[in-house]
Amino acid sequence: MLKLWVRGSHCKSGLLYMQPDACFDQLFYLEEDMETDFTKRVLWECNGKTEILNYATIKKPTGELISPEKICSGAKNVLCMKYIGNEIPDDFKDSEVFEGVSGFIYDILWSGDNCNQYIAEIALEKDLEVKSSRVYQPYSRVDLEGLKVQIMETGDVVTDGEEFLDIVISNNLWDDI
Amino acid sequence: MVGKYLVRVSNARQSVEFEVQRKFTILRGDSGTGKSLLFSMVWNKTHDVDKSIHIDSKVPLVAIQGNEPISTTRKCIVIIDELTLNMYKSKDNMKSFINRVRHAEAYFILISRYDFSAIPYSILEIYELLLESVIGKRKLHRYVFKRVYPWVEGTPMLPDCIVTEDGNSGYQFMCNSVSCDVVSARGKSNLSKKIKELEGAFKNIFVLADGAALGPEAKKLQELVQMSKTKINLYAPESFEFLILSSEIFKSQGLSSLLEKTYMYADAKKFMSWEQYYFDLLVRASKKFNYSDAIYSKTKLSSFYLSDANKRYILDTIKELLIC
């Protein structure tokens, strides 16, 4: 299920928000996660048709070779949602950097609508809590069945875009977002 | 600052070409399209970090990050990245940003998906980057700015209900000119909610809103219109004042150049949006008539504009509205 704080500023969950570049560059780096089918699809669709040659090398359509740190923020955001999720990785649980922090939350602001499909895939597989500082309709450009979205401000659980819009607009959740 | 400026930013592998003509241009869209790359190319050129970057522009194009000062006296195009703009999301910080840019002699390109409800940007000036061509063995990628919400001529509609953005002159005009229901949304930020409320009661809803400052509402309205089972026609000319100026009422004053090439006249230092410019222009133009009744007021539309002839002239400018 996707647990969505529609008004990004009203997130009450106590999770730590990390900007995707910081989160990815510091926390994401299990080599096997860079070479999965999911990552390959995300980098193709959400990072300008780039191809993974290996866990450390990505080829751009211009032929240029880049390292994973140069992936766009939107793709990094999605990969962090998938491979780190809302919980602090075991390796970092004792780190003083995350003392008092129960987990992470991600902002959809950094990901364009071409990432919606992949966010939905993640949410079908596990509970994922996110917030959105932009107007985000989680069913837009998604062709998967069965996605449930919990609107955290009201507690409502919806199953399609029409229901989602009904609740968001009638509760003014997109006002001054 | 006035004018329309064609800009080209390039290095050996990619080029981005775009045109700016208003105070605010928004660049957003899908992930991985090259927005951050564009910013970093301009930033590296601005700070002389990369000499391989070439910027072709009649006025300086500069990139700003963090709290770097924004020049208010030098004519330039300023591009600001999403990380920096993220700092301005709170109300207080946004106020501070608007104060910094209000009287700047500059056009601003804001790279962000954030809606910036406090900034009056046009629905026509929201762009995404489009890969237009790949050239040669070295695969030079050529990108252009593409409008996210282009002006599209729609099928004329005979509505059951007309929704206006606010309760001012546009609403007053419609109440006096059509026989179907006319409802005011009482502000552009209420448009989505008002349309949703009316969906069940009407089959054909015509929405009249000021496009010149409707940018912040564009995505919400797009989601609503796409999902709705009711037929909704969103008609967003520059502003209601623009419609009046375009009509036969003011034909004798020869304003066509000011309306077709507004970028040559609407000084970005004085007007945050073209909506403000058209209002100012209409007030000045209306004072040239010999009767005081003709002087335009946004809050109270005078009977001059509600005569049968003048109503007809104004309605003739709204091509997509069939009279009910």
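All of these numbers come straight from a predicted model, not from anything done at the bench.

Details of the overall build of chain A
Piece 1. Each helix and strand in chain A was counted, giving six helices and nine strands.
Piece 2. Computed over the C-alpha atoms, the radius of gyration of chain A is 16 Å, within 12% of the 16 Å expected from 2.2 N^0.38 for a compact globule of 177 residues.
Piece 3. Contacts spanning at least 24 positions in sequence make up 63% of the contacts within chain A whose residues lie at least 6 apart.
Piece 4. Taken as a whole, chain A presents about 7,500 Å² of accessible surface, with 44% of it coming from carbon and sulfur.
Piece 5. Here chain A contributes 17 positive and 33 negative side-chain charges, whose respective centroids are spaced 4 Å apart.

A short note on the packing of helix α3 (residues 37-46) of chain A against helix α5 (residues 116-125) of chain A
Residue and element names in this part refer to chain A.
Piece 1. For the pair α3 and α5, the least separation of the axes is 10 Å and the interaxial angle reads 155°. When the axes of α3 and α5 are compared, the pair comes out roughly antiparallel. Packed against α3, whose contacting residues are F38, R41, V42, E45 and C46, the element α5 presents Y118, E121 and I122 at the interface.
Piece 2. Considered class by class, the residues forming the contact of α3 with α5 number five nonpolar, no polar and three charged.

Examining the pairing of strand β12 (residues 204-208) of chain B
Residues and elements named next belong to chain B.
Piece 1. Counting buried positions along β12 gives four out of five residues, so the element sits mostly inside the fold.
Piece 2. In the sheet, β12 pairs with strand β13 (residues 231-235) via five bridges, with the strands oriented parallel. If you follow F206 over to β13, its bridge partner there is N233.
Piece 3. Where the polypeptide runs from β12 across helix α6 (residues 218-227) and back to β13, its parallel neighbour, the crossover connection is right-handed.

Section: the nonpolar core
Piece 1. Counting 99 residues, the largest nonpolar core has I119, F164 and W174 of chain A together with F97, F108, L110 and I119 of chain B as its most contacted members.
Piece 2. Counting 41 residues, the second largest nonpolar core, distinct from the first, contains A212, F242, L255 and L281 of chain B.

Here's the deal with the confidence of the model for chain B
Piece 1. Looking at chain B as a whole, its pLDDT mean stands at 93, while 99% of the residues score no less than 70.
Piece 2. Interface predicted TM-score (ipTM) for the complex: 0.93; the corresponding pTM is 0.95.

Concerning the interface of chain B and chain A
Piece 1. Taken together, the contact pairs 29 residues of chain B with 38 residues of chain A.
Piece 2. Counting the surface lost from both chain B and chain A, the interface buries some 2,800 Å², and carbon and sulfur atoms represent 52% of this.
Piece 3. Considering only the side of chain B, the residues that lose the most area to chain A are S31, R113 and M227 of chain B, jointly responsible for 19% of the buried surface there.
Piece 4. Run the count over chain B and chain A and you get four salt bridges.
Piece 5. Among the salt bridges present, the one from D30 of chain B reaches R141 of chain A, with a minimum N-O distance of 2.9 Å.
Piece 6. The interface formed by chain B and chain A holds 14 residue pairs in polar contact (both at pLDDT 80 or more) in total.

Some points on the sheet that holds strand β7 (residues 128-131) of chain A
Residue and element names in this part refer to chain A.
Piece 1. Ordered by their spatial adjacency, six strands build an open sheet running β2-β6-β7-β1-β8-β9, and the pairing between neighbours is mixed. Two strands lie at the open edges of the sheet, namely β2 (16-17) and β9 (157-158), each paired on one side alone.
Piece 2. Across two bridges, strand β6 (residues 104-107) lies against β7 in parallel orientation. By the bridge assignment for β7, Y106 is matched with V130.
Piece 3. Against the sheet, helix α4 (residues 73-83) contacts β6 and β7, and its axis sits at roughly 150° relative to β6.

What about the sheet that holds strand β1 (residues 5-10) of chain B?
All names here are of chain B.
Piece 1. An order of β4-β1-β2-β9-β8-β3-β7-β6-β5 is seen for the nine strands of this open sheet, with the pairing classed as mixed. In the strand order of this sheet, the two ends are held by β4 (54-56) and β5 (61-64), each with one partner. Geometrically, the sheet is characterised by an average inter-axis angle of 25° between neighbouring strands, direction not taken into account.
Piece 2. Taken together, the four bridges between β5 and strand β6 (residues 76-80) define a ladder with parallel strand orientation. Residue pairing across strands places A63 opposite I79, the latter belonging to β6.
Piece 3. Along the sheet, helix α1 (residues 35-46) makes contact with β1, β2 (14-20), β3 (24-27), β4, β5, β6, β7 (106-111), β8 (126-135) and β9 (140-147), crossing β5 at roughly 105°.

Here's the deal with the packing of aromatic side chains
A ring pair, where both rings are aromatic, is described by two values, the distance of the centres and the angle of the planes.
Piece 1. Scanning all chains against the criterion turns up 26 aromatic pairs over all chains.
Piece 2. An angle of 65° between the planes, with centres 6.1 Å apart, marks the rings of F279 of chain B and Y296 of chain B as edge-to-face. Placement of the pair is F279 of chain B in helix α9 (residues 274-286) and Y296 of chain B in the loop between α9 and α10 (308-316), with a sequence separation of 17 residues.
Piece 3. For F279 of chain B, a relative accessible area of 32% gives the class partly exposed.
Piece 4. When the centroid spacing of 4.9 Å and the interplanar angle of 90° are considered together, the rings of F304 of chain B and Y305 of chain B count as edge-to-face. Exposure class is identical for F304 of chain B and Y305 of chain B. Each is buried.
Piece 5. An aromatic cluster of three or more residues is present, and its members are F250, F279, F289, Y291, Y296, F304 and Y305 of chain B.
Piece 6. Against the face of F38 of chain A rests K82 of chain A, its NZ or CZ located 4.7 Å from the ring centre.

Reading the values: the criteria
- Residues numbered from 1 in each chain as written.
- Chains lettered and ligands numbered in written order.
- Predicted model: local features only at pLDDT ≥ 70, side-chain atom pairs only at ≥ 80, totals over all residues.
- Heavy atoms only, no water.
- Helix = DSSP H or I, 4+ residues; strand = E, 2+ residues; numbered from the N terminus.
- Rg over C-alpha atoms; globule rule 2.2 N^0.38 Å.
- Contact = heavy atoms within 4.5 Å.
- Areas by Shrake-Rupley, 256 points an atom, 1.4 Å probe, with all protein chains shown as cover.
- Lys, Arg positive; Asp, Glu negative; His and termini not counted.
- Charge placed at Lys NZ, Arg CZ, Asp CG, Glu CD.
- Axes fitted to C-alpha atoms, helices over the stretch in contact; angles between N-to-C directions.
- Parallel < 35°, antiparallel > 145°, perpendicular 65-115°, else oblique.
- Nonpolar A, V, L, I, M, F, W, Y, C, P; charged D, E, K, R; others polar.
- Buried < 20%, exposed > 50% of the residue type's maximum accessible area, 1.4 Å probe, protein only.
- Pairing = 2+ DSSP bridges.
- Right-handed = clockwise from strand over helix to strand, strands pointing away.
- Core = buried A, V, L, I, M, F, W, Y, C linked by side-chain atoms within 4.5 Å.
- pLDDT = per-residue confidence, 0-100.
- Buried area = accessible area lost by both parts, 1.4 Å probe.
- Salt bridge = Lys/Arg side-chain N within 4 Å of Asp/Glu carboxyl O.
- Polar contact = N/O pair within 3.5 Å; in protein donor to acceptor, adjacent residues only side chain to side chain.
- Phe/Tyr/Trp six-rings, centres within 6.5 Å; stacked < 30°, edge-to-face > 60°.
- Lys NZ or Arg CZ within 6 Å of the ring centre and 35° of its normal.

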